[in-house]
Amino acid sequence: MSRPTVAFFELASCEGCQLQVANLGEELLAILDRIDLVEFRELLTERPDGPLDIAFVEGSVVNAECEARLHAIRQRSELLIAYGSCATIGGVNAMANGRPISEIQAEVYGDQAERFAAARVRPLHQLVPVDYFIHGCPIYPDELIKVLKAALAHLPYNIPDYAVCVECLLNENVCMYEKKVTCLGPVTRAGCNAWCINNGNVCYGCRGLVSNPNRAGAEAVLSRYHLDSRLIANKMLMYNGALEPTDE
Ligand code: SF4
Ligand code: SF4
Ligand code: SF4
C-alpha cells in the first residue's frame, strides 16, 4: 500500500515551525517511515506539483501572492493543517493590523513602499477551510505528532480549551504572579504543557485565547498583586492584540 503524500509549505513566516519539525530527530525518522514526504523547503530540494494527502502550511497571508499560493495548496490537498501561530491566529505578523498598513509600509520601505504589496494580515482559516490547527510559536513538537497521527487516521484532534494555568499547576511551577510578574496563562489555551513557564519564562499567549477567557478573574488577580493592567495589555499585543483591521 502506498504511503500518504505529505508536504510542508511556508507563507509569511520565520520558518521556525518548519525548523521544529526538522529538529524532531528520531521521531522524525519514525514519521518518515509512515509517510511519503514530497516537499519540505528546509530538508528537500524537490518541488513536485501533484495531489497531496496532507499539506502543512506555516505562516500568515500578508498579500495577494500568499493568498494565491494558499488557494493553490488547498486545491491539491485532501487535508490542510495550519501550523504555528502565524497560520492559526495571525501571530506576530498580525501586530501590523493594529496600525494603518500604508503607514507601516512607509516606515519600513520609505519611498520604495509601492514596490512591496501588503495587505491586512490574515490567518489561513479566514481564506480557506482548515482541517486541523496546531497552535504555538513555535509549535509544540508533541502536539504536532498527535495531530499528524489524528490526520493519518482521519480522526478529530481536540485542542484543549482550558487555560495554560492547568498544565502549569500540574507541573508544580511556582506561579509567576507570586513573583509579581504578569503572565497570560490564565487566558491562554493549553496544549503546550506550560512550556515557557516550565523553562523559567512567562506565557505570552502564543496559542491564542481560550474560548471563554475569564476577564474578571484576570483583573482580580492583577488587583490582588497590585499589578498594573497595562502590563497584561502589552503582552497581549504580541500575539492576540491586533487581529482586527484598522484600514484596507
Ligand atoms: S509561529 Fe512563530 S516560529 Fe512559527 S513561523 Fe510564525 S513566527 Fe516563526
Ligand atoms: S499565571 Fe502563569 S505562572 Fe501562574 S499558574 Fe498560570 S500559567 Fe502558571
Ligand atoms: S506557555 Fe504560553 S507562550 Fe509559552 S508555548 Fe505555551 S501558550 Fe505559548
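A.B. asks: How should the site of ligand 3 be read in this particular structure?
C.D. replies: The local shell around ligand 3 holds 13 residues, among which C192, C196, C203, C206 and R207 are the closest. The dominant element in the shell around ligand 3, judged by the number of residues it contributes, is helix α8 (residues 195-198), at three residues. Split into classes, the residues belonging to the shell around ligand 3 amount to nine nonpolar, three polar and one charged.

A.B. asks: Help me understand the nonpolar core, please; the structure alone is not making it clear to me.
C.D. replies: If you look at soluble globular proteins, the nonpolar side chains tend to sit buried side by side. One finds A55, F56, V57, I81, Y83 and I134 to be the most contacted residues of the largest nonpolar core, which totals 36 residues. Of all the elements in the fold, those that place two or more residues in this core are β1 (5-10), α1 (16-22), β3 (52-58), α3 (64-76), β4 (77-83), α4 (85-88), β5 (132-134) and α6 (141-152). For this core, the element with the highest residue contribution is β3, accounting for five residues. Setting aside residues no more than four positions away along its own chain, Y83 makes contact with C17, F56, E58, I134, I139 and L144.

A.B. asks: In this structure, what is going on with the site of ligand 1? I would like to understand it.
C.D. replies: Within the structure, ligand 1 sits among 14 residues, and S13, G16, G84, C86 and C137 are positioned closest to it. For the shell around ligand 1, the secondary-structure elements that each account for two or more residues are α1 and α4. A breakdown of the residues in the shell around ligand 1 according to their chemical character gives six nonpolar, six polar and two charged.

A.B. asks: Could you clarify how one ought to interpret the sheet that holds β1 in this entry?
C.D. replies: Strand pairing within a sheet occurs via backbone hydrogen bonds; the two strands may be parallel or antiparallel. Here five strands make up an open sheet; going across it, the order is β2-β1-β3-β4-β5 and the pairing parallel. Edge positions in the open sheet fall to β2 (36-40) and β5, since each of these has one partner strand only. With direction set aside, neighbouring strand axes in the sheet form an average angle of 20°. Bridging between β4 and β5 involves three bridges; their strand directions are parallel. Each residue of the ladder has a partner; that of A82, found in β5, is F133.

A.B. asks: It is not clear to me how the domain arrangement of the chain should be interpreted in this structure. Could you clarify?
C.D. replies: Many descriptions give the size of an interface as the accessible area lost when the pieces come together. Taken domain by domain, the chain consists of domain 1 (5-152) and domain 2 (164-239). Distance from the C-alpha centre of domain 1 to the C-alpha centre of domain 2: 26 Å. If you look at the interface, domain 1 gives 11 residues, while domain 2 gives 10 residues. Residues of the side of domain 1 that touches domain 2, tallied by class, amount to five nonpolar, five polar and one charged.

A.B. asks: How should unusual backbone geometry be read in this particular structure?
C.D. replies: Residue P138 is reached from C137 by a cis peptide bond, and omega for that bond is -5°. For P138, the location among the structural elements is in the loop between β5 and α6. In this model, H154 sits at a positive phi of 55°, which is unusual for a non-glycine residue. The residue H154 is located in the loop between α6 and α7 (164-170) in this model. Of note in the backbone geometry, N193 takes a positive phi value of approximately 60° without being a glycine. If you trace the backbone, N193 turns up in the loop between α7 and α8.

A.B. asks: Would you mind going over the pairing of β1 with me for this structure?
C.D. replies: Two faces make up the sheet, and in a regular strand the side chains alternate between them. With six of six residues buried, β1 lies mostly within the body of the structure. Burial of the side chains of β1 extends over both faces: T5, A7 and F9 are buried on one face and V6, F8 and E10 on the other. As judged from the four bridges shared by β1 and β2, these two strands associate in the parallel manner. Following the sheet pairing, V6 is matched in β2 by L37. Taken together, the five bridges between β1 and β3 define a ladder with parallel strand orientation. Across the sheet, residue F8 finds its bridge partner in β3, namely F56.

A.B. asks: How should the environment of A233 be read in this particular structure?
C.D. replies: Examined against the element boundaries, A233 turns out to sit in helix α10 (residues 229-239). Judged by local crowding, A233 falls into the exposed class, with 11 C-beta atoms found within 10 Å. Considered as a pair, A233 and L184 are 49 residues apart in the sequence and their alpha carbons are 9.7 Å apart.

A.B. asks: I tried to follow helix α9 (residues 215-224) on my own but got confused; where do I start?
C.D. replies: Two residues of an α-helix separated by three or four positions point the same way, owing to the 3.6 residues in each turn. Burial analysis of α9 places just zero of its 10 residues in the buried class, a small minority of the element. Where α9 terminates, the next one or two residues include H226, which has phi positive at roughly 55°.

Conventions used here
- Residues numbered from 1 in each chain as written.
- Chains lettered and ligands numbered in written order.
- Predicted model: local features only at pLDDT ≥ 70, side-chain atom pairs only at ≥ 80, totals over all residues.
- Near = placed C-beta within 6 Å.
- Helix = DSSP H or I, 4+ residues; strand = E, 2+ residues; numbered from the N terminus.
- Nonpolar A, V, L, I, M, F, W, Y, C, P; charged D, E, K, R; others polar.
- Core = buried A, V, L, I, M, F, W, Y, C linked by C-beta atoms within 7 Å.
- Buried ≥ 20, exposed ≤ 12 C-beta atoms within 10 Å, placed from the backbone.
- Contact = placed C-beta atoms within 7 Å.
- Pairing = 2+ DSSP bridges.
- Axes fitted to C-alpha atoms, helices over the stretch in contact; angles between N-to-C directions.
- Domains from an automatic or database assignment.

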